[in-house]
Protein chains: 2
Amino acid sequence: MTTMSTAMRSISSLGLCFFKPTSVSKATTVSLGVWRRTGGEMKGLSVRNVGGGGHVSVNEINGKKVINGVEKKLCVENDVEEGDESLKSFKLGRFVEKRLVYRQTFVIRSYEIGPDKTATMETLLNLLQETALNHVMSSGLASDGFGATHEMSLRKLIWVVTRINIQVNKYSRWGDVVEIDTWVAASGKNGMRRDWIIRDHTTQKIITRATSTWVIMNRKTRRLSKIPEQVREEVKPFFLDRKILSQNGDDYKIDKLDEATAKHIRSGLAPRWNDMDVNQHVNNVKYIGWILESVPLNILEHYHLTSMTLEYRRECNQSNLLESLTTIETREELESKSSSKGDLRSTHLLRLEEDKKEVVRATAEWQAKSHI
Amino acid sequence: MTTMSTAMRSISSLGLCFFKPTSVSKATTVSLGVWRRTGGEMKGLSVRNVGGGGHVSVNEINGKKVINGVEKKLCVENDVEEGDESLKSFKLGRFVEKRLVYRQTFVIRSYEIGPDKTATMETLLNLLQETALNHVMSSGLASDGFGATHEMSLRKLIWVVTRINIQVNKYSRWGDVVEIDTWVAASGKNGMRRDWIIRDHTTQKIITRATSTWVIMNRKTRRLSKIPEQVREEVKPFFLDRKILSQNGDDYKIDKLDEATAKHIRSGLAPRWNDMDVNQHVNNVKYIGWILESVPLNILEHYHLTSMTLEYRRECNQSNLLESLTTIETREELESKSSSKGDLRSTHLLRLEEDKKEVVRATAEWQAKSHI
């Protein structure tokens, strides 16, 4: 175990903390993690660049010159997996681009849209999660169905997410068909990056981009772990180092709100039974609902979220009560101090009501609805 | 407007009440309604049998003798609708049985399962809603995309649900493929019945049955309305009088709980922004989450819901706080007074915290998880 990075945080007995890697660019792995019950303190490891790992430059794919690797559809569909044709057609997922990209198609359902008739941010993150899990399942690497590989399961290792950034250009409506591509890359020595793009199926335009950072943890000791060589060998063939966001926000520090700096505080938020995942801990997508609870209604009504970054620090379970803190700045307030392109920028903190310990820090950009 | 039925309830200025028809067997219509903002008092109409309306006996279909019309799959797939083949395959829905039944296939997603890894009751009702709305859309009758026909929209009429009963034999797991059939029938003079069955795609066994009752309302005056002849003519060709539940619970009165009779009360339940539908009122599926909030955790952990009946009485919006009341009876307590087959039976009331007015009454049956 290497020394603890400066970004590491210790955890309380209440729940697992996720740490923020100091440096993320290339690393190791292939899947999505889950929140699990935690016990004692979490020990850290450094996250450093090691490079390597199946780097594939965009120019090598299909022999086409493509700027930034994403603006044009890169598609090698002839390596679709074999399998039950009938089931495959229902599941609408398959490998493309020499099995380096997993692509799944979804129809936005009536109950996945919000009051403004477009897919909610929670819906988008749910669809990203589903695509990621199906990617791992289809890769043949999955052991437990929730992202751990065979070699990870043997060692009681799980993936935990530390950070997600999502940028939305256009929200889909009920009945719209979207196509989600996902792939993984190394991120430092002991992290993984998972990226996604969402295309509108009809126009083939990219309407959403997202990136996330994952680290590995021992589910018994709750310590962060290096990636064992055997796990690295399992996942390496899937690495595709294609960046779709100029910066994934890892170099951007999210301010920690408190009673003095938060303009809106909503207390007494209680997880519901249905917010729990299979480990009876709150699924990481559910936090978005609570974050939005402290956003004034007129903002929710008149602005779209165009970007959101979530930094996970601690899990919570059904017995925890949460507090949601929000501060919103307008474009005028922002102009002097940031490069924000939105009309509004918000900063959020979800913390445990009992001891005020942090659960999630978040920041978001908003645009007036007529702009999107 | 005919005289008010005994089951009619007046409404407050806070929200729309849905009434319970006194008699439901055959009526008129084709879709799913939505909750809408309401103003003054709701005037009623009687709901009586008028018969007629494209009754189709099961024996007439495919020339097969089929008991109860549902235990054997009745399928005429050669009348699948024309259209965009590519989009159709994504949406996985089509007409069968001479366009009298609409069938849609779904894969249970990772975020639609609960802590016990099976699809939640909320998920099942969401899928039923989606199938019903796509049924109306595919029929060519839809005007506003939320269930109203062209002739209804001309008259500012909408559908409102008064009662849903769902019976679950087996809960699906993540990745399972289910096939949902839905159809509509007359229900009294001015109501509609919509039924659904859910089959496990692999085994083709029926795993869930559901039935619901709908009435028509003027969205401006908030009065219940007779079904205009033009609307009846629109929807009549779709009627299929096939019952899939021996009784849909309309003859069963759900007890009204209060502080004295409820064993568990949970107050201060606040609708979230994402609980709102396109009319900024709570979607009727969301009530299930609040109902379950007053059910003790050990029941949620160790029992499955095998049956649930929801009786909608009043809508609510984001400014309302709700109270959830529950009473649970064991099999021993039940034996003397009912024909319940479950291990437990529960009775529920959701009411507005402010004035204690009823929003939803519900009853449910539960079985220990090892039994299902």
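Since we're looking at a predicted model, the values are computed, not measured. (Residues numbered from 1 in each chain as written. Chains lettered and ligands numbered in written order. Predicted model: local features only at pLDDT ≥ 70, side-chain atom pairs only at ≥ 80, totals over all residues. Heavy atoms only, no water.)

(A) Quick look at the overall build of chain A. When you go through chain A residue by residue, the secondary structure sums to seven helices and eleven strands. Residues counted as buried form 63% of the 372 residues belonging to chain A. Counting only contacts in chain A whose residues sit at least 6 apart along the sequence, the fraction spanning at least 24 positions is 74%. For chain A, the computed accessible surface area is about 14,000 Å², with 48% contributed by carbon and sulfur atoms. (Helix = DSSP H or I, 4+ residues; strand = E, 2+ residues; numbered from the N terminus. Buried < 20%, exposed > 50% of the residue type's maximum accessible area, 1.4 Å probe, protein only. Contact = heavy atoms within 4.5 Å. Areas by Shrake-Rupley, 256 points an atom, 1.4 Å probe, with all protein chains shown as cover.)

(B) Structural context of the interface of chain B and chain A. Taken together, the contact between chain B and chain A spans 50 residues of the former and 50 residues of the latter. Across the interface of chain B and chain A, roughly 4,600 Å² is buried in total on both sides, 59% from carbon and sulfur atoms. Considering only the side of chain B, the residues that lose the most area to chain A are P115, R272 and W273 of chain B, jointly responsible for 18% of the buried surface there. Counting across the interface, chain B meets chain A through four salt bridges. Two residues, R272 of chain A and D275 of chain B, come together in a salt bridge whose shortest N-O distance is 3.1 Å. Connecting chain B to chain A are twelve residue pairs in polar contact (both at pLDDT 80 or more). (Buried area = accessible area lost by both parts, 1.4 Å probe. Salt bridge = Lys/Arg side-chain N within 4 Å of Asp/Glu carboxyl O. Polar contact = N/O pair within 3.5 Å; in protein donor to acceptor, adjacent residues only side chain to side chain.)

(C) Just helix 2 (residues 121–139) of chain B, in detail. All names here are of chain B. Here helix 2 contains 19 residues, and its C-alpha end-to-end distance of 27 Å stays within 8% of the 27 Å for a straight helix at 1.5 Å per residue. In terms of residue burial, helix 2 counts as a mostly covered element, since 18 of its 19 residues are buried. A positive backbone phi angle near 85 degrees is found at G140, which sits one or two residues after helix 2. (Expected span 1.5 Å × (residues − 1).)

(D) A look at the domain arrangement of chain A. Residues and elements named next belong to chain A. Each domain of chain A was delimited in the assignment, giving domain 1 (58–238) and domain 2 (264–371). Taken together, the contact between domain 1 and domain 2 spans 18 residues of the former and 18 residues of the latter. In this assembly, domain 1 packs against domain 2 so that about 1,600 Å² is buried in total across both faces, 53% of it on carbon and sulfur atoms. Across the contact surface, domain 1 and domain 2 share two salt bridges. With a closest N to O distance of 3.0 Å, D116 and K369 form a salt bridge. Linking domain 1 with domain 2 are ten residue pairs in polar contact (both at pLDDT 80 or more). At the level of elements, helix 2 (121–139) and strand 3 (157–168) are the ones that each hand at least two residues to the side of domain 1 that touches domain 2. (Domains from an automatic or database assignment.)

(E) Spatial organisation of the pattern of salt bridges. Residue and element names in this part refer to chain A. Evaluation of the coordinates by the stated rule reveals 45 salt bridges over all chains. In this structure, R103 and D181 form a salt bridge, with 2.6 Å as the shortest nitrogen-oxygen distance. With R103 in strand 2 (residues 101–107) and D181 in strand 4 (residues 177–187), this pair connects stretches of sequence that are 78 residues apart. Each of R163, E311, R313, E358 and R361 takes part in a single network of salt bridges with overlapping partners.

(F) Highlighting the sheet that holds strand 9 (residues 322–330) of chain B. Residues and elements named next belong to chain B. The eleven strands are arranged 1-2-4-5-6-3-8-11-10-9-7 in an open sheet whose pairing can be described as antiparallel. In this open sheet, the two edge strands, each paired with only one partner strand, are strand 1 (93–96) and strand 7 (264–269). If you compare each strand with its neighbour and ignore which way they point, the axes differ by 20 degrees on average. Both strand 5 (residues 191–200) and strand 6 (residues 206–218) contribute to a ladder of nine bridges, which runs antiparallel. Bridging from a neighbouring strand, W196 pairs with A210 of strand 6. (Pairing = 2+ DSSP bridges. Axes fitted to C-alpha atoms, helices over the stretch in contact; angles between N-to-C directions.)

(G) Summary view of the sheet that holds strand 11 (residues 358–368) of chain A. All names here are of chain A. Ordered by their spatial adjacency, eleven strands build an open sheet running 1-2-4-5-6-3-8-11-10-9-7, and the pairing between neighbours is antiparallel. Of all strands in the sheet, those with a lone pairing partner are strand 1 (93–96) and strand 7 (264–269), marking the two edges. Each neighbouring strand pair of the sheet contributes to a mean axis angle of 20 degrees, computed without reference to strand direction. Relative to strand 4, strand 2 runs antiparallel, the two being bridged by six bridges. Looking at strand 4, one finds that T105 is bridged to E179. On top of the sheet, helix 2 reaches strand 1, strand 2, strand 3, strand 4, strand 5 (191–200), strand 6 (206–218) and strand 8 (303–312); it is set at about 135 degrees to strand 2, its chief contact.

(H) A look at the relation of the copies chain B and chain A. Laying chain B over chain A is done by rotating through 180 degrees and shifting 0.0 Å along the axis; what remains is an RMSD of 0.0 Å. Seen this way, the second copy is the image of the first under a two-fold rotation axis. By residue overlap, the copies meet face to face through one surface: 100% of the interface positions of chain B are interface positions in chain A. (Least-squares fit on C-alpha atoms with pLDDT ≥ 70 in both.)

(I) Local environment of the side chain of T118 of chain A. All names here are of chain A. With respect to the helices, strands and loops of the structure, T118 is situated in the loop between strand 2 and helix 2. The exposure class of T118 is buried, given its relative accessible area of 7%. With sequence-adjacent residues up to four places away left out, T118 is seen in contact with E112, I113, Y171, S172, R173 and H304.

(J) Structural detail: the pairing of strand 11 of chain A. All names here are of chain A. Of all the eleven residues making up strand 11, ten are buried; the element is thus mostly covered by neighbouring parts of the structure. The pairing of strand 8 with strand 11 spans nine bridges and is classified as antiparallel. Each residue of the ladder has a partner; that of M308, found in strand 11, is A364. Summarising the sheet, strand 10 (residues 344–352) and strand 11 pair through eight bridges and their orientation is antiparallel. Within the sheet, the bridge partner assigned to H348 lies in strand 11 and is A362.

(K) Spotlight on the pairing of strand 6 of chain B. All names here are of chain B. Burial analysis of strand 6 places 13 of its 13 residues in the buried class, the great majority of the element. Here strand 3 (residues 157–168) runs beside strand 6; their pairing, made up of eleven bridges, is antiparallel. Considered in strand 6, the bridge of I166 is made with A210. Count of turn residues in the strand 5/strand 6 antiparallel hairpin: five residues, of which Q204 carries a positive phi of about 60 degrees.

(L) Up close: the confidence of the model for chain A. Residue and element names in this part refer to chain A. Predicted confidence across chain A gives a mean pLDDT of 75, with 70% of residues reaching 70 or more. Within the model, the stretch residues 1–85 combines pLDDT values under 50 with 295 contacts to residues more than four positions away or in other chains. Our summary of model confidence lists the complex with pTM equal to 0.78 and ipTM equal to 0.76. (pLDDT = per-residue confidence, 0-100.)

(M) Structural view of the packing of aromatic side chains. According to the stated counting rule, one finds eight aromatic pairs over all chains in the structure shown. Ring geometry for F95 of chain B and Y102 of chain B: centres 5.4 Å apart, planes at 75 degrees, overall edge-to-face. Ring geometry for Y287 of chain B and Y312 of chain B: centres 6.1 Å apart, planes at 55 degrees, overall tilted. Here Y287 of chain B is found in helix 5 (residues 287–293), whereas its partner Y312 of chain B is found in strand 8 (residues 303–312), with 25 residues between them in sequence. There is no split in this pair, since Y287 of chain B and Y312 of chain B are both buried. Put simply, the rings of F95, Y102 and F238 of chain A touch in pairs and so form one group of aromatic residues. Note that R242 of chain B overlies the ring of W183 of chain B, its terminal NZ or CZ placed 5.5 Å from the centroid. (Phe/Tyr/Trp six-rings, centres within 6.5 Å; stacked < 30°, edge-to-face > 60°. Lys NZ or Arg CZ within 6 Å of the ring centre and 35° of its normal.)

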